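# Remarks on the overall topology
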Amino acid sequence: MVREQRLDPEVEVLWDDFHAQVNVPSEQLRQWLLTRGSGEEAFGPDPDLNLPEPGRQILRVLTKRKVDLTPEDIDVMRDAIDRIQSLVDARPPRGNADDEWRHSLLDLGHDILIER
């Protein structure tokens, strides 16, 4: 007999909010982070290919199922939502044309050009 696993309702809401804010598919985020991680010094010996944080943590959460979330994953999700919202609220005068601002959002898995 398969037992249905129940999650805390707060985690359910957090999961939905996280996936609404992190609107870049995991493979696209991975490619973006690899591009950002290559930088001036290219890739080092690190098996994670020096992917920038917190993008690497966000990517890790994107590959999980809800029932497999750890307390650390929940913290990553909360932090990502807060960071994305802070950046969106601090929209620069040039808006989407401001590459630094847009890239900061992309580092978190949020593409401001994707409509909801």
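With that settled, the discussion passes to the overall build of the chain. Check the secondary structure of the chain and you find five helices and zero strands. From first element to last, N terminus to C terminus, the chain shows the α and β order α-α-α-α-α. Per-residue burial for the chain yields a buried fraction of 34% across its 116 residues. For the chain, restricting intrachain contacts to residue pairs at least 6 apart in sequence, the fraction spanning at least 24 positions comes to 58%. Counting every atom, the chain has about 7,700 Å² of accessible surface; 49% of that belongs to carbon and sulfur.

Take the pattern of salt bridges next. According to the stated counting rule, one finds nine salt bridges in the structure shown. The partner of Asp 73 in a salt bridge is Arg 60, and the shortest N-O contact between them spans 3.3 Å. With Asp 73 in helix α4 (residues 71-89) and Arg 60 in helix α3 (residues 55-62), this residue pair connects regions lying 13 residues apart in the sequence. Overall, the relative accessible area of 1% leaves Asp 73 in the buried class.

Any residue range with low pLDDT should be treated as having predicted coordinates unsuitable for detailed reading. Mean pLDDT over the chain: 86, with 81% of residues reaching 70 or higher. Confidence scores differ between elements of the chain, with helix α2 (residues 26-38) showing the lowest mean pLDDT of 86 and α4 the highest of 97.

Right, let's talk about the nonpolar core for a bit. Nonpolar side chains in soluble globular proteins tend to be buried together. One finds Phe 18, Leu 29, Ile 58 and Met 77 to be the most contacted residues of the largest nonpolar core, which totals 24 residues. Elements with a minimum of two residues in this core: α1 (9-21), α2, α3, α4 and α5 (99-107). For this core, the element with the highest residue contribution is α4, accounting for six residues. With sequence-adjacent residues up to four places away left out, Ile 58 is seen in contact with Phe 18, Val 22, Leu 29, Val 76, Ala 80 and Leu 108.

Here we take up the packing of α3 against α4. The relative placement of two packed helices comes down to the angle between their axes together with the axis-to-axis distance. Viewed as axis vectors pointing N to C, α3 and α4 meet at an angle of 120 degrees, and their least axial separation amounts to 10 Å. As summarised for this structure, α3 and α4 are arranged oblique, according to the angle between their axes. Crossing handedness for the pair α3 and α4: left-handed. Contact residues: α3 offers Gln 57, Ile 58, Arg 60 and Val 61, while α4 offers Asp 73, Val 76, Met 77 and Ala 80. Class assignment for the residues of the contact of α3 with α4 results in five nonpolar, one polar and two charged.

Turning next to the environment of Arg 102. Secondary-structure assignment places Arg 102 in helix α5. The class for Arg 102 is buried, based on a relative accessible area of 18%. Sequence separation of Arg 102 and Arg 91 is eleven residues, and the distance between their C-alpha atoms is 9.3 Å. Discounting chain neighbours no more than four positions away, the residues touching Arg 102 are Asn 96, Asp 111, Ile 112 and Leu 113.

This brings us to α3. Taken residue by residue, α3 has Gly 55, Ile 58, Leu 59, Val 61 and Leu 62 as its buried positions. Around the axis of α3, the buried residues are gathered within 160 degrees of arc, so they sit on the same side.

Parameters at a glance
- Residues numbered from 1 in each chain as written.
- Predicted model: local features only at pLDDT ≥ 70, side-chain atom pairs only at ≥ 80, totals over all residues.
- Heavy atoms only, no water.
- Helix = DSSP H or I, 4+ residues; strand = E, 2+ residues; numbered from the N terminus.
- Buried < 20%, exposed > 50% of the residue type's maximum accessible area, 1.4 Å probe, protein only.
- Contact = heavy atoms within 4.5 Å.
- Areas by Shrake-Rupley, 256 points an atom, 1.4 Å probe, with all protein chains shown as cover.
- Salt bridge = Lys/Arg side-chain N within 4 Å of Asp/Glu carboxyl O.
- pLDDT = per-residue confidence, 0-100.
- Core = buried A, V, L, I, M, F, W, Y, C linked by side-chain atoms within 4.5 Å.
- Axes fitted to C-alpha atoms, helices over the stretch in contact; angles between N-to-C directions.
- Parallel < 35°, antiparallel > 145°, perpendicular 65-115°, else oblique.
- Left-handed = near helix turned anticlockwise from the far one by under 90°.
- Nonpolar A, V, L, I, M, F, W, Y, C, P; charged D, E, K, R; others polar.
- Arc of directions from axis to C-beta.

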